[in-house]
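Spelled out, the chains give:
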2 protein chains.
Amino acid sequence: MTGLSAPRLDILELHDSLASPVSESMNFLNEVAHHYPDAISFAAGRPYEGFFDLDLIHRYLATYEEHLTDRLNGDQIAVRRTMLQYGRTKGIIHEIVAEHLRVDEGIVVDPESVVVTVGCQEALYLTLRALRRDDKDALLAVVPSYVGAHGAAQLADLPVLPVQDSPEGIDLADLVEVVRSAKAAGLRPRACYLVPDFANPSGASLGLETRRELLRLAEEHDFLVIEDNPYGLLGDGSGPPTMKALDEHHRVVYLGSFAKTGVPGARVGYVVADQPVSGRDGRAETLADQLARIKSMLTVNTSPIAQAVIGGKLLENGYSLKAANKREIQVYLDNLHHVQRGLAARFSDTPGVSWNTPVGGFFCLLTVPFAAGDDLLETSARRHRVLWTPVHHFYAETEPRRQLRLSFSHLSPEEIDEGLDRLAEFVRAQL
Amino acid sequence: MTGLSAPRLDILELHDSLASPVSESMNFLNEVAHHYPDAISFAAGRPYEGFFDLDLIHRYLATYEEHLTDRLNGDQIAVRRTMLQYGRTKGIIHEIVAEHLRVDEGIVVDPESVVVTVGCQEALYLTLRALRRDDKDALLAVVPSYVGAHGAAQLADLPVLPVQDSPEGIDLADLVEVVRSAKAAGLRPRACYLVPDFANPSGASLGLETRRELLRLAEEHDFLVIEDNPYGLLGDGSGPPTMKALDEHHRVVYLGSFAKTGVPGARVGYVVADQPVSGRDGRAETLADQLARIKSMLTVNTSPIAQAVIGGKLLENGYSLKAANKREIQVYLDNLHHVQRGLAARFSDTPGVSWNTPVGGFFCLLTVPFAAGDDLLETSARRHRVLWTPVHHFYAETEPRRQLRLSFSHLSPEEIDEGLDRLAEFVRAQL
């Protein structure tokens with residue numbers, strides 16, 4: 001083997017997305033958390049772990065197996081095949097998912113329009129990849145926006161056209177302006193991505209009228225709405241219906257996650273894509289069918305064992321994740337109120353410091369009178385042992401902004417108190 | 001909501017891969033199997049189901065949990081977090097996978113160069129997406145080739161440059177010719193995809209000298225080798241080492257699957273990508289690190305529950321899937337020999353009919369004196385109740401060829417006998 005040499009691979013010779021600020025963002029944020037393990041973290045948007053229970057995994061699997069045995073009239077070979085063999089591309093718990101959507105969200109969909117995916121992230125990527133035909137296509141997205149949405153768009157070669165957010169979650173006048181100038185520039189805005197309930201990073205939610213007006217604009221300007229809803233059940237239940245529940249004409253592609261309300265480690269999500277698609281020799285196919293074709297080339301199918309874990313949990317709770325997460329929802333609401341009270345106690349009299357007041361979810365935004373970038377996060381971690389997320393990452397930019405995302409989903413009240421004390425120290429040190 | 005209308009989506013306005021013959025292939029083959037459930041199928045390349053056991057899933061999970069508890073010094077919170085929370089992008093069983101590679105394949109790799117993926121398909125897609133920088137990039141692939149390799153390449157916008165196969169698995173003279181003319185046309189052949197052991201669909205394997213020469217050519221012409229090895233352990237063990245075991249200079253990206261030898265329903269695979277990558281501000285990163293960055297935008301991480309199932313199975317078998325699959329390997333070898341004897345008994349005197357003689361794996365090829373396309377498959381299914389796979393699908397073409405792929409991995413000897421009787425009827429009806 002002498003004479004052989006290592007290949008020369010340079011980052012600039014690999015896919016564009018790898019050299020983007022988004023890729024660096026994810027890496028930087030992971031590394032900071034890794035280097036300061038004893039810091040209190042308002043950075044990680046992870047679900048609460050206090051009720052994690054490995055025995056439940058075994059029980060959910062057994063519950064689903066029992067359900068399947070009933071459905072397959074006791075045919076044990078078919079049960080084992082369904083749970084252990086390669087399987088249906090669109091998934092095996094699609095009917096259970098559809099029933100959950102009816103029970104918890106008032107969304108009525110044909111189970112055939114559901115594709116069960118490897119977390120919500122795969123659902124998003126499948127949708128963006130399908131909608132990317134050529135370099136005229138683009139994605140509207142409310143910014144600041146989930147970093148993984150920027151990442152999936154880049155990986156799908158789909159440029160993001162940023163739409164301003166607002167206290168109502170989206171600035172619809174700006175949306176119209178962005179669509180008009182994109183079309184004037186020869187672009188096709190295919191869809192508008194947003195998290196209408198308890199957005200990441202802002203925690204903001206769209207009111208009912210804003211939802212209806214966005215649907216109307218989607219029709220007028222002929223784009224889809226990609227509704228990403230990982231946090232919707234994590235509030236007090238007083239909010240308006242999801243956009244999919246209001247969607248009478250297949251304008252909305254709905255992305256669902258079981259990472260926050262099911263079991264994070266199952267990595268199961270789904271997409272509802274009931275849009276009719278023409279051009280297949282007259283066959284009546286939907287966008288879900290196209291996403292399944294793409295999935296068959298990407299991950300083949302979602303682990304039926306992982307699906308069975310989620311299926312079992314849904315079956316045991318009458319298809320309701322609201323019911324299944326009563327304790328968790330209380331923790332999240334208590335933490336939200338605890339953080340809001342804590343911010344008031346520490347910053348009420350601090351000029352230039354303010355915060356927004358979401359009514360659910362995992363996040364809120366703290367505004368400060370200085371640019372809070374990666375260098376200051378590093379300082380905050382090292383000197384004050386408290387982590388948070390600089391907001392410029394959610395704009396896919398490198399220029400720091402005067403906002404911090406605070407995540408409180410996985411902390412105890414004591415950690416919140418101590419963390420806010422440290423945060424106050426850090427902020428005052430910058431003034 | 002009156003006045004709203006459904007979006008107009010046409011297949012031609014969606015990603016190119018959806019309108020390709022490959023997408024139609026997958027769909028057609030699935031539909032035929034679905035429409036003729038009572039046919040004997042030499043079409044499906046599925047693992048043998050006779051030893052499937054749901055109790056084992058619970059046991060594997062418990063075994064992995066015990067192992068993890070040891071490793072984490074009894075920290076139950078950390079154990080639950082590792083198995084149930086969002087986790088490490090590259091996976092949690094990377095060290096176990098590396099040990100398995102050492103034990104079963106004589107491959108020694110840094111566990112940090114392993115990325116655990118959602119089946120081998122995601123490993124392939126990650127690799128191809130990373131290597132696709134712009135429209136000059138292309139993929140060399142031995143054809144006929146696994147349909148999912150064509151599909152992943154299309155989804156990654158990476159054109160396939162077909163390289164002829166041969167009884168030795170690859171025609172190296174043709175490879176050199178294809179590389180030369182591609183470069184002359186301004187293309188960059190980034191890698192050569194192949195299954196060196198018991199290829200799909202041909203069952204062919206590369207000899208030791210062919211492997212060495214391919215590595216040498218990869219160095220001379222500066223491309224990577226993507227070694228896809230789902231079937232390597234499913235022979236009598238007399239074959240040459242894997243190309244990765246021979247790879248002293250990081251030329252080979254190795255794709256591994258636990259679908260055939262682990263548990264198909266776990267959907268766990270992996271990629272070993274120890275190629276150094278420059279350009280990250282002097283940081284020492286590998287291709288595996290880049291694949292992990294892409295994965296974080298695609299599926300975030302592979303279900304740790306699914307990984308625990310595979311981890312548990314490996315731990316229980318001293319890291320050896322050869323040991324774990326003794327019974328299955330015997331079934332596959334017995335079936336292979338049964339099919340070969342059965343073909344000889346039925347077709348020895350039939351002019352124009354011949355078949356190849358793999359020494360392991362799931363497949364062999366039957367050559368017939370007529371073009372065996374999708375229409376004849378439909379006839380075969382309807383009139384003779386036997387399924388097989390037309391070989392043109394593995395060329396990503398629509399023009400039928402005079403070959404059938406026969407898969408025997410999931411059949412009983414009785415099904416093989418009856419299936420070959422029906423196949424002989426079908427073939428004679430065409431003569």
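Participant: Break down the relation of the copies chain B and chain A for me, with residues and values.
Facilitator: Superposition of chain B onto chain A requires a rotation of 180° combined with a translation of 0.0 Å along the rotation axis, giving an RMSD of 0.0 Å. Expressed as an axis order, the relation between the two copies is that of a two-fold axis. The overlap is high: 100% of the interface residues of chain B also sit at the interface in chain A, so the same surface is used on both sides.

Participant: Tell me about helix H3 (residues 76-84) of chain B, and name the residues and values.
Facilitator: Looking at H3(B), one finds that the buried residues are B:Val79, B:Arg81, B:Thr82, B:Met83 and B:Leu84. Tucked into the core, H3(B) has its buried residues touching helix H2 (54-71) of chain A together with helix H2 (54-71) and helix H11 (304-316) of chain B.

Participant: Which residues make up the packing of H2(B) against H3(B), and what are the values?
Facilitator: Each pair of packed helices gets described by two things: the angle between the helix axes and the distance between those axes. Residue and element names in this part refer to chain B. Remark: H2 packs on H3, axes separated minimally by 9 Å, with the N-to-C direction vectors making an angle of 130°. As far as their axial angle goes, H3 and H2 are oblique. The interaxial crossing formed by H2 with H3 has right-handed handedness. Of the residues in H3, those in contact with Glu-65, Leu-68 and Thr-69 of H2 are Val-79, Thr-82 and Met-83. Along the lines of polarity and charge, the residues of the contact of H2 with H3 split into three nonpolar, two polar and one charged.

Participant: Go over the pairing of strand E9 (residues 269-272) of chain A, please, and point to the residues and values.
Facilitator: Taken residue by residue, a regular strand's side chains alternate between the two faces of the sheet. All names here are of chain A. Of the two faces of E9, the one holding Gly-269 and Val-271 and the one holding Tyr-270 and Val-272 are both buried throughout. Pairing analysis gives four bridges linking strand E3 (residues 114-117) to E9, with the strands arranged antiparallel. Bridging across to E9, Val-114 finds its partner in Val-272. Here four bridges tie strand E8 (residues 252-257) to E9, and the two strands are oriented antiparallel to one another. Bridge assignment links Ser-257 to a residue of E9, and that residue is Gly-269.

Participant: Tell me about unusual backbone geometry, residues and numbers included.
Facilitator: Residues and elements named next belong to chain A. Residue Pro-144 is reached from Val-143 by a cis peptide bond, and omega for that bond is 0°. Within the secondary structure layout, Pro-144 lies in the loop between strand E4 (137-143) and helix H6 (147-155). Although it is not a glycine, Arg-267 adopts a positive phi angle of roughly 50°. Inspection of the secondary structure assignment puts Arg-267 in the loop between E8 and E9. Arg-267 gets classed as buried once you count the C-beta atoms within 10 Å, which come to 34.

Reading guide: rules and limits
Residues numbered from 1 in each chain as written. Chains lettered and ligands numbered in written order. Predicted model: local features only at pLDDT ≥ 70, side-chain atom pairs only at ≥ 80, totals over all residues. Least-squares fit on C-alpha atoms with pLDDT ≥ 70 in both. Contact = placed C-beta atoms within 7 Å. Buried ≥ 20, exposed ≤ 12 C-beta atoms within 10 Å, placed from the backbone. Helix = DSSP H or I, 4+ residues; strand = E, 2+ residues; numbered from the N terminus. Axes fitted to C-alpha atoms, helices over the stretch in contact; angles between N-to-C directions. Parallel < 35°, antiparallel > 145°, perpendicular 65-115°, else oblique. Left-handed = near helix turned anticlockwise from the far one by under 90°. Nonpolar A, V, L, I, M, F, W, Y, C, P; charged D, E, K, R; others polar. Pairing = 2+ DSSP bridges.

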